[in-house]
Amino acid sequence: MSANAKNDCSVVEEELDEEPRSIILSMISQLRKDMDLSRITFPTFVLEPRSFTERVTDFMSHPDFLIQASVCEDPVQRFIGVVKYYMSGWHIHPKGVKKPYNPVLGEFFRSRCVFDDGTSAFFVSEQVSHHPPITAMFYHSPEHHIAIEGDLRPKSRFFGNSVGMLLEGYAKVHFGRWNENYQVTYPNMYARGILFGKMVLELGETSTVTCVESDLAFDVEFKTKGLIWGTYNQIAGKIRRISTREVLYEISGNWQTQIFILDVREKKRVGSLEPTVLFDSARERVVPQLVACAGEQEANESRNLWKYVTKAIVENNLDNATTYKSAIEEEQREDAKRRDAAKDRFVPRFFQLETDGNYHPKLQDIAEDPVKAKEDI
């Protein structure tokens, strides 16, 4: 099957009714082009029923790819495995074009995964700053000596007929077995057609995966569709040597459906070579996140904090959803006033700001022994 075979059926789109669109138009009439939207309150009908602290776990949808990569003896094959993992997280999305809840300061989300071999992984994310919004995250699989840490700093911008989320911040995948670090950056997200036409979700710009220890880098362009020509969700990337810039592999396809890989050196050797499938979202299994039920969570854990908003959205009771959401936002404003009055600085529970300007997990120097590591976590 060609890389373009599934383009049309993979588009994430939504057509709004007259009333929701009129509400958006009224809200947008107050905005200016390139305006920061981080302080804008969006109506509940555009919300996905989960917090951004939970949505971060979409990047952990296929952790088995990392496990497979971590045991490869060949550093190039390890790197390809990390690229496969990185590209596999983007196809997860809500129905329609939705945005998650803006987390409140100090809100956190916890989950774990149990793999087929009985091993496990643990995840925590926390809203460490509200203005500007920063969500820090940490993932650890003790038995496989894999850790992921980072912080995401989304910046929303209004561009006329579209809204963009610029995903700034950093992420690092660490393979303890090889003492390798894979630095990751993110593409931007765009909701097109908010004024006219169908609303469509797109990814755009260039992102990277870099491993200095193995002298390898992956640069990938998430292509946006042109006004007249082009197709949705296309990507074009290259895996290359950092030192010589020699291209080893080319990556192409559709980030929603199928992604292909081509061995450039082998193609030069044999003269003609077709790309093979690197990732197929229809065939791969999403590893489920195990999360405590809301009644067993702390007050500021995401699912417990937003449970009434979520219930109202699921039941399509947007009036109740707006009421509950407004109550959470008002409580956050009151908490900020109390901290200001007491000159009390917010201190994150799970993360701390380091001298490099990034948030890192407070839990450091985790034991090599998996049993002891689980106790540490």
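Residues numbered from 1 in each chain as written. Predicted model: local features only at pLDDT ≥ 70, side-chain atom pairs only at ≥ 80, totals over all residues. Heavy atoms only, no water.

Engineer: Honestly, the overall build of the protein chain in this entry has me stumped. Any pointers?
Structural biologist: Looking only at helices and strands, one finds 9 helices and 18 strands in the protein chain. The proportion of buried residues among the 377 residues of the protein chain is 49%. (Helix = DSSP H or I, 4+ residues; strand = E, 2+ residues; numbered from the N terminus. Buried < 20%, exposed > 50% of the residue type's maximum accessible area, 1.4 Å probe, protein only.)

Engineer: How should the environment of serine 70 be read in this particular structure?
Structural biologist: By secondary structure assignment, the location of serine 70 is in helix H3 (residues 63-70). Distance in space between the C-alpha atoms of serine 70 and histidine 145 is 8.5 Å, their sequence separation being 75 residues. Ignoring sequence-local partners within four residues, the contact set of serine 70 consists of Arg78, His144, Ile146, Phe175, Arg177 and Trp178. (Contact = heavy atoms within 4.5 Å.)

Engineer: Would you take a moment to explain unusual backbone geometry for this structure?
Structural biologist: Glycine aside, a negative phi is what most residues show, and trans is what most peptide bonds show. With an omega dihedral of 5°, the bond running from histidine 131 to proline 132 counts as a cis peptide bond. The phi torsion at asparagine 179 lies on the positive side, around 55°, for a residue other than glycine. Its location among the elements puts asparagine 179 in the loop between strand E8 (162-175) and strand E9 (180-184). Given the relative accessible area of 54%, asparagine 179 is considered exposed. Despite not being glycine, aspartate 215 has its phi angle at roughly 60°, a positive value.

Engineer: Quick question: what am I supposed to make of H3 here?
Structural biologist: Because the α-helix completes a turn every 3.6 residues, residues three or four places apart line up on one side. In terms of residue burial, H3 counts as a mostly covered element, since 6 of its 8 residues are buried. Considered for burial, the residues of H3 that qualify are Pro63, Phe65, Leu66, Ile67, Ala69 and Ser70. Looking at the buried side of H3, the elements it contacts are helix H4 (75-88), strand E6 (134-141), strand E7 (146-158), E8 and strand E16 (276-280).

Engineer: Would you take a moment to explain the pattern of salt bridges for this structure?
Structural biologist: Side chains that differ in sign of charge can pair as their charged atoms come close. Under the defined criterion, the tally for this structure stands at 20 salt bridges. Here arginine 153 and aspartate 151 are joined by a salt bridge, their closest N and O atoms 3.0 Å apart. You can call arginine 153 partly exposed: its relative accessible area is 22%. Among the salt bridges present, the one from glutamate 266 reaches arginine 269, with a minimum N-O distance of 2.6 Å. Here arginine 269 and glutamate 266 lie together in helix H5 (residues 264-270), a separation of 3 residues that amounts to about one turn. Salt bridges sharing partners connect three or more residues here, namely Glu48, Arg50, Arg55 and Asp58. (Salt bridge = Lys/Arg side-chain N within 4 Å of Asp/Glu carboxyl O.)

Engineer: Whenever I open this one, the pairing of strand E15 (residues 258-263) confuses me. Can you help?
Structural biologist: Among the 6 residues in E15, 5 count as buried, and that is most of the element. Across 5 bridges, strand E14 (residues 247-254) lies against E15 in antiparallel orientation. In the sheet register, glycine 253 faces E15, and the bridge partner there is isoleucine 259. What sits between E14 and E15 in their antiparallel hairpin is a turn of 3 residues. (Pairing = 2+ DSSP bridges.)

Engineer: What's the story with the packing of aromatic side chains in this structure? I'm lost.
Structural biologist: For any two aromatic rings, the description comes down to two numbers: the centre-to-centre distance and the angle of the planes. Enumeration according to the criterion identifies 11 aromatic pairs in this entry. Arranged with centres 5.5 Å apart and planes meeting at 40°, the rings of phenylalanine 59 and tyrosine 186 form a pair that is tilted. One end of the pair, phenylalanine 59, is in the loop between helix H2 (52-55) and H3; the other, tyrosine 186, is in the loop between E9 and strand E10 (188-192), and 127 residues separate them in sequence. With relative accessibility at 16%, the residue phenylalanine 59 sits in the buried group. The buried category is assigned to tyrosine 186, whose relative accessible area is 8%. An aromatic cluster of three or more residues is present, and its members are Phe59, Tyr86, Trp90, Tyr186 and Phe222. The ring centre of phenylalanine 65 lies 4.3 Å from the NZ or CZ of lysine 84, which sits over that ring. A cation over a ring is seen here: lysine 225 above tyrosine 232, with NZ or CZ 5.7 Å from the ring centre. (Phe/Tyr/Trp six-rings, centres within 6.5 Å; stacked < 30°, edge-to-face > 60°. Lys NZ or Arg CZ within 6 Å of the ring centre and 35° of its normal.)

Taken by themselves, the reported measurements are silent on function.
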